[in-house]
Amino acid sequence: MQNKGLIKLFALLFGLVSIYQLSYTFVTSKVEKEANTFAASRISESEEGYIAKREAAAASYLDSIGNNPVFGYTNYNEAKKKELNKGLDLKGGINVTLQISIKDILKGLANNTKSPIFNKALADADAAASNSDDTYIDLFFEAFDNIKGDTKLASPDIFANKGLSDEINFQMSDDEVKPIIRRKIDESIVSAFEVLRERIDGFGVTQPNIQREGNSGRILVELPGARDIARAQDLLSSTAQLEFWETYKQSNTSFSTFLIQANEKLKTIVEVKQPEQVKEESELDSLLSDVSADSLDLATQVNPLYELLIPANPGSNAMFRAAIKDTATIGSYLRMPEIRRLLPADIQFTKFVWERPSSEDTEVIDLYALKSNREGTPRISGDVVSDARADFDQFSKPAVSMTMNTKGAKEWEKLTGDAYTNQTGIAIVLDNKVYTAPGVSSGPISGGRSEITGDFTVNETKDISNVLRAGKLPASAEIIQSEIVGPSLGQEAIDSGFMSFLIAFVIVLLWMIGYYGKAGVFADIALMLNILLIFGVLTSLNAVLTLPGIAGIVLTLGMSVDANVLIFERIKEELAKGKGKSQAVADGFGNALSSILDANITTGLTAVILFIFGSGPIKGFATTLLIGIITSLFTAIFITRLLIDWYISGKGRSLDFSTGITKNLFKGINVDFLKKRKIAYVISGILIAVSLFSLLAGPGLQKGVDFIGGRSYTVRFENPVNPSEITSELNTVFGSGTNVKTYGESNQVKITTPYKVDVEGIEVDTEIQDKLYTSLQKYLPDGFSKEAFVLGGVDDEAVGILASVKVGPTIADDIQKNAFLAILGSLLVVFLYILIRFRRWQFSLGAVTAVFHDVLIVLGVFSIFGKLMPFNMEIDQAFIAAILTVIGYSLNDTVVVFDRIRETLAERGWKGGSNINYAINTTLSRTLNTSLTTLVVLLAIFIFGGESLRGFMFAMIVGVLVGTYSSVFIATPVMFDALSKKITSGNAKPSTEVE
């Protein structure tokens, strides 16, 4: 081997850099452990809310020592930026995909036009979007072109308006306007991206990640370690529509007239149940009892509005009050066109808005009547706010102080003047909820400074000021996909992942020594360096380590072993030919290189496809697999060679590449594999037929929420539960389709429901959490609150919702499409690679046939045993990753066999297939050795790697078994049978021409 000195230097530097990069992770781990110890010594477990207090104390400690030197070369704050990033499944937190509404942006660009053509095109685009992969803007343009008639995009009432007058004029054609609109939309998405970035920076998590997903209008946000999930979701999806309105007075008689007429009208159009007698006394009961003696004496009648509305407090600027549970019903009544028409002329444009509940325990909230106009626009909007900050009011309660720009200051002075004159209030509305509605007692307020007060917490004022300061989103942002992992589940994933990694690592090290003796020790040294380099590269690239990523690293152990096995088996063959040690080592490495490169390139190609089409943790798996392939090649080819060359160069040193037990293993084997191919065809045909029957006419595959949309929750209880009993109870709440399965231990279940899968918004998430809590309350500890249930896992008990996943139907369709493209793309790429390398399409056909064979059988196993196995076997993105890895492994095995066949045929010719049998027999030791090692590794992960990886590993285990079989009994026979007898008979050597 040439340039040994350069390779030694490179290996040394590479190793040192990896150790240096990983040292930052060691530093942060050490300091954070000290912070937790400090917090535990200050706050006793007997204190109420001790966990939150300890977290705050630890955070305060880290803030105070953040810039103190550690080991003389760094500090905590610097090390935190450079540590190994852990994914949500290892650290806990929230991962969401936001969809910026292109429809909202278009309406804004068109100045909220009333044009029937424009709005009909939007409606048609909405309808088409549910069944199309095209972008919304393309669908809108297509819909507009279909119905426009003589109307142009550059019409004065569409895009040729005052706001776009600098870029669009009346003379422009639609083709000239379209690129301008596309650019404006892209600018709006960039604006939304920046607004979200500003908000996230103010949220206070370390190592947040935010990135755009192409031109789809989707933005991916990851907040590792975020614990207040509801707060994070509100912050991300809030459009920050800050508005200032003048309220109507309670004494306005027009509302009394309207209320009477609306109540009478509703009697004719809605069914109202007789009110039930209230048994328990509460704030709501007390208020309702005050209304019972109303002068209209309506208590004995059925009154749709009167029985739901409560008079507002006399001193407030609200018009009515109502129980929170009734707000949806009242709102639907007030939005009815036939009810809106009853509003007297002087209040016909009234906007009804509910108060923001001050806490979860609030039962009754105010309803405000706001003075509006025909267009429904507020007196002042939030874009006039130039600065906002968390503050405290005159009573030392948390508040938000705002400063307005010059334009806003003038409008504010006029609005406060009108409110003073009319003795009305000013409602401060954020995202269609009234935060406060104070009156004006001292005349018009000049200067543009104002304050938002209410029953806020310090965190709430921080978030409100953060949102206002960052600016409002240019369009609504819906959470179409989310994954939430509680911190305790993340810690369990770290523990189980590390355990599986350690067990697999030790097994591989011992196996190599037990099988190859001293040579195995050198392979183990290279293997340990390989692991160090993988983690070093991950840290250097600022990549994220996930649980599937750990599985990817463990899988590279098998691949690294495979390269060493190929090399050692080749060296043993050269020694058997009577060559000297040095020559045998040189020839063994040289002859194995082709097979190693082909095998790793085919696996690498599938990993690249997985990286392109995967997302989240699956990308992490692909990343570690790709890094592992590169580092495995380097350590196996160069480091192992350096160590072996160094050892055999010493006097009197013996290196046999085997032990007493394995020395003659697999020697003298001469199986006629081609003769048995018909039996293999029959066996495989039966397996494929059973798989297809199960897939098409049998139980089929259990699709996870990734592919059908919906929500899934991992819920842990104090004691074991019966999933069938919970399924029955939840189906009565959510309707049919809810599925409950034991997930790991008998006290933990995975709940999947399609309930309201088409409805977006945090309100639906909250509704489902409420229903889950109510339905499962009897299985929870006594006095267990809803907040503790939703934030399950924040304490040592770890009871409640530990993790949740939400996938909207649109993104589920995209995931299915990407999964199909990933599998198809990997097959196509590998077919072409094998065609180029082996020069005959028959080799490609054999390899791809074997892959189809393996994939169908794995799918069949999942279809047949999907509901029988005691672990999750749903088809999700992780399963697709497993399928692609099976494809890579199967091809790896097949390519090694093909490579030996090509080499043997080049030397000996075809001889009717006898030399093909010889080639397969010579690779048998490598095939079985590698397969057995890989299986042991996969079994270690399957048993110790945690519940979330079990289905993933099971698919891999089945795939490795089937892939090992197919590389010998399917790929090679299919290749042989596809060749013409003219080629395979006699002693003719294979042509290099493609047939």
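Every chain is numbered on its own, with residues counted from 1 as its sequence reads. Selection of residues for local features in this predicted model requires a pLDDT of at least 70, selection of side-chain atom pairs for listing and counting requires 80 or more, and totals for whole chains, interfaces and linings are taken over all residues. Heavy atoms throughout the structure, all of them, feed into the side-chain values; hydrogens and water do not.

Visitor: What is the right way to read the overall build of the protein chain from this model?
Guide: Scanning the protein chain for helices and strands turns up 31 helices and 23 strands. The buried label goes to any residue with under 20% of its type's maximum accessible area, the exposed label to any with over 50%, and the partly exposed label to all in between, with areas taken from a 1.4 Å probe on protein chains only. The proportion of buried residues among the 995 residues of the protein chain is 53%. We call two residues in contact whenever any of their non-hydrogen atoms come within 4.5 Å of each other. Within the protein chain, counting contacts between residues at least 6 apart in sequence, those at least 24 apart form 74% of the total. The Shrake-Rupley method, run with a 1.4 Å probe, gives the accessible areas here. Residue values count only the displayed protein chains as cover. Summed over all atoms, the accessible surface of the protein chain reaches about 44800 Å², with 56% contributed by carbon and sulfur. Going along the chain from the N terminus, every DSSP run of H or I of four or more residues is numbered as a helix, and every run of E of two or more is numbered as a strand.

Visitor: Got a minute to help me understand the nonpolar core in this structure?
Guide: Nonpolar side chains in soluble globular proteins tend to end up buried together. In this structure, Phe 568, Ile 644 and Phe 879 are the most contacted members of the largest nonpolar core, which totals 127 residues. Ile 644 has contacts with Phe 522, Phe 568, Val 585, Phe 589, Leu 655 and Phe 657, leaving out every residue within four places of it along the chain. For our purposes a nonpolar core is just a set of buried Ala, Val, Leu, Ile, Met, Phe, Trp, Tyr and Cys residues, chained together by side-chain atoms within 4.5 Å. Core analysis: the second largest hydrophobic core is formed by 46 residues, Ile 100, Leu 139, Val 177 and Val 221 among them.

Visitor: Mind showing me how you'd approach the packing of aromatic side chains here?
Guide: The description of two aromatic rings rests on the distance between their centres and on the angle between their planes. Here the aromatic set is Phe, Tyr and Trp, taking the six-membered ring for Trp, and pairing holds for ring centres within 6.5 Å; pairs whose planes are under 30 degrees apart are stacked, those over 60 apart are edge-to-face, and all others are tilted. Scanning all chains against the criterion turns up 30 aromatic pairs. When the ring of Phe 734 is compared with that of Tyr 755, the centres are 5.1 Å apart and the planes differ by 55 degrees; the resulting orientation is tilted. One end of the pair, Phe 734, is in helix 23 (residues 723-734); the other, Tyr 755, is in the loop between strand 22 (748-753) and helix 24 (762-776), and 21 residues separate them in sequence. For the pair Phe 734 and Tyr 755, one class covers both residues: buried. Feature note: the residues Phe 118, Phe 140, Phe 141, Phe 144 and Phe 159 constitute an aromatic cluster, connected by ring pairs. Geometry around Phe 589 places Arg 641 over its ring, the cationic atom sitting 5.1 Å from the centre. Here, over-ring charges are defined by two tests on the NZ atom of lysine or the CZ atom of arginine: distance to the ring centre within 6 Å, and angle to the ring normal within 35 degrees.

Visitor: How should I be thinking about unusual backbone geometry in this particular structure?
Guide: Keep in mind that most residues, glycine aside, have a negative phi and that most peptide bonds are trans. In this structure, Asn 111 is a non-glycine residue whose phi angle is positive, near 60 degrees. With respect to the secondary-structure elements, Asn 111 resides in the loop between helix 5 (102-109) and helix 6 (116-129). Unusually for a residue other than glycine, Asn 112 sits at a positive phi of about 50 degrees. Secondary-structure assignment places Asn 112 in the loop between helix 5 and helix 6.

Visitor: What is the right way to read the packing of helix 1 (residues 4-42) against helix 17 (residues 518-540) from this model?
Guide: The axes of two packed helices give the description: the angle between them and the distance between them. Packing of helix 1 against helix 17 leaves a shortest axis separation of 8 Å and a crossing angle of 60 degrees. When the interaxial angle is binned, helix 1 and helix 17 end up oblique. For the pair helix 1 and helix 17, the sense of crossing is left-handed. Contact residues: Phe 14, Gly 15, Ser 18, Ile 19, Gln 21 and Leu 22 in helix 1; Leu 532, Leu 533, Phe 535, Gly 536, Val 537, Thr 539 and Ser 540 in helix 17. Residue composition of the contact of helix 1 with helix 17, grouped by class: seven nonpolar, six polar and no charged. Angles here are taken between N-to-C directions and fall from 0 to 180 degrees, while the axes themselves are lines fitted to C-alpha atoms, restricted in helices to the stretch in contact. Convention used here: angles under 35 degrees read as roughly parallel, angles over 145 as roughly antiparallel, angles from 65 to 115 as roughly perpendicular, and any remaining angle as oblique. Each crossing gets its handedness from the near helix: less than a right angle anticlockwise from the far helix is left-handed, clockwise is right-handed. The classification used treats Ala, Val, Leu, Ile, Met, Phe, Trp, Tyr, Cys and Pro as nonpolar, Asp, Glu, Lys and Arg as charged, and all other residues, Gly among them, as polar.

Visitor: What is the right way to read the sheet that holds strand 11 (residues 364-370) from this model?
Guide: Sheets are built from strands that pair by backbone hydrogen bonding, the pairs being arranged parallel or antiparallel. On the basis of which strands lie adjacent, the open sheet formed by four strands has the order 8-9-11-10 and antiparallel pairing. Pairing within the sheet leaves two strands with one partner each, and these edge strands are strand 8 (309-311) and strand 10 (351-354). Here the average twist between neighbouring strands, direction ignored, is 35 degrees. Here three bridges tie strand 8 to strand 9 (residues 320-323), and the two strands are oriented antiparallel to one another. Counted as the bridge partner of Leu 309 is Ala 322 from strand 9. Sitting on the sheet, helix 12 (residues 327-335) is in contact with strand 8, strand 9, strand 10 and strand 11, with an inclination near 175 degrees to strand 10. DSSP bridges decide pairing: two strands pair if at least two such bridges lie between them.

Visitor: How do you make sense of the pattern of salt bridges when you look at a structure like this?
Guide: If the charged atoms of two oppositely charged side chains come close together, the side chains can form a pair. A pairing counts as a salt bridge when a side-chain nitrogen of Lys or Arg comes within 4 Å of a carboxyl oxygen of Asp or Glu. All told, the structure shown has 31 salt bridges when counted by the stated rule. Residue Arg 900 pairs with Glu 573 through a salt bridge whose shortest N-O separation is 3.1 Å. Placement of Arg 900 in helix 28 (residues 877-908) and of Glu 573 in helix 18 (residues 547-576) is noted, with a sequence separation of 327 residues between them. For the salt bridge of Asp 977 with Arg 677, the shortest nitrogen-to-oxygen distance reads 2.9 Å. Residue Asp 977 is located in helix 30 (residues 950-978), and its partner Arg 677 is located in helix 21 (residues 677-696); the two are separated by 300 residues in the primary sequence.

Visitor: Is there a simple way to think about the confidence of the model for the protein chain in this case?
Guide: Regions with low pLDDT should not have their predicted coordinates read in detail. Scored between 0 and 100, pLDDT is the confidence that the predictor attaches to each residue. Summarising the model, the protein chain shows a mean pLDDT of 79, and 85% of its residues fall at 70 or more. For the stretch residues 287-300, pLDDT sits under 50, and the model shows 10 contacts to residues farther than four places along the chain or on other chains. Low pLDDT, under 50, characterises residues 988-995; the predicted model gives this stretch 23 contacts beyond four residues in sequence or across chains.

Visitor: I'm lost on the environment of Leu 529 in this one. Help?
Guide: If you trace the backbone, Leu 529 turns up in helix 17. Considering only alpha carbons, one finds Leu 529 and Ala 11, 518 residues apart in sequence, at a separation of 9.0 Å. Apart from the residues within four sequence positions on either side, Leu 529 is in contact with Thr 635 and Ile 639.

Visitor: I would appreciate a short explanation of the sheet that holds strand 7 (residues 242-246) in the present structure.
Guide: Taking strand neighbours across the sheet as the criterion, the four strands line up as 12-7-15-16 in an open arrangement whose pairing is antiparallel. Of all the strands in the sheet, the pair left with one neighbour each is strand 12 (380-381) and strand 16 (433-436). In this sheet, strand 16 lies alongside strand 15 (residues 426-430) in antiparallel orientation, the contact comprising three bridges. Paired with Val 429 across the two strands is Val 434, which belongs to strand 16. Across the sheet, helix 14 (residues 406-422) is in contact with strand 7, strand 12 and strand 15; its angle to strand 7 comes to roughly 30 degrees.

Visitor: Help me understand a nonpolar patch on the surface, please; the structure alone is not making it clear to me.
Guide: Like charges within 9 Å and nonpolar side chains (Val, Leu, Ile, Met, Phe, Trp, Tyr) within 5 Å are joined into patches, using only residues over 30% in relative accessible area that form no salt bridge. Residues Leu 6, Leu 9, Leu 12, Leu 13, Leu 16 and Ile 19 make up a contiguous nonpolar surface patch of roughly 590 Å² in combined accessible area. Tracing the sequence through the fold places Leu 16 in helix 1. By relative accessible area, which is 47% here, Leu 16 ends up partly exposed.

Visitor: Is there a simple way to explain the packing of helix 6 against helix 7 (residues 136-147) in this structure?
Guide: The N-to-C vectors of helix 6 and helix 7 enclose an angle of 130 degrees; their axes lie 8 Å apart at closest approach. Relative to helix 7, helix 6 is oriented oblique. Read as a crossing pair, helix 6 and helix 7 show a hand that is right-handed. Counting all contacts with helix 6, which are made through Ile 117, Phe 118, Lys 120, Ala 121, Leu 122, Asp 124, Ala 125, Asp 126, Ala 128 and Ala 129, the residues of helix 7 involved are Tyr 136, Leu 139, Phe 140, Ala 143, Phe 144 and Ile 147. In terms of residue class, the contact of helix 6 with helix 7 is built from 13 nonpolar, no polar and three charged.

Visitor: I keep staring at the environment of Thr 662 and nothing clicks. Help me out?
Guide: Among the structural elements, Thr 662 can be located in the loop between helix 20 (617-648) and helix 21. A relative accessible area of 5% places Thr 662 in the buried class. The sequence separation of Thr 662 and Gly 517 amounts to 145 residues, and the corresponding C-alpha distance is 9.4 Å. Excluding residues that lie within four positions of it along the chain, Thr 662 makes contacts with Gly 514, Tyr 515 and Lys 572.

Visitor: Would you mind going over the side chain of Gln 748 with me for this structure?
Guide: Tracing the sequence through the fold places Gln 748 in strand 22. Residue Gln 748 is classed as buried on the basis of its relative accessible area of 6%. Whenever a nitrogen or oxygen atom comes within 3.5 Å of another N or O atom, the pair is scored as a polar contact, on the condition that within protein one atom can donate a hydrogen and the other can accept it, and that pairs from neighbouring residues in sequence are kept only if both atoms are in side chains. Side-chain polar atoms of Gln 748 contact the side chain of Arg 716, separated by 2.7 Å. Beyond its immediate stretch of four places on either side in the chain, Gln 748 contacts Thr 714, Val 715, Arg 716, Lys 741, Thr 742, Tyr 743 and Leu 802.

Visitor: Help me understand helix 28, please; the structure alone is not making it clear to me.
Guide: Within an α-helix, residues lying three or four positions from one another point in the same direction, as the helix has 3.6 residues per turn. Expected span of a helix, by definition, is 1.5 Å for each gap between consecutive residues, and there is one gap fewer than residues. The end-to-end C-alpha distance of helix 28, which contains 32 residues, comes to 46 Å, matching closely the 46 Å that a straight helix rising 1.5 Å per residue would cover. Burial runs high along helix 28: 26 of the 32 residues are buried. Following helix 28 by one or two positions, Gly 909 adopts a phi angle in the positive range, close to 85 degrees.

Visitor: Looking at this structure, how should I read the side chain of Ser 658?
Guide: Relative to the elements of secondary structure, Ser 658 occurs in the loop between helix 20 and helix 21. For Ser 658, the residues in contact, after removing those within four places along its chain, are Tyr 515, Tyr 516, Gly 517, Lys 572 and Lys 663.

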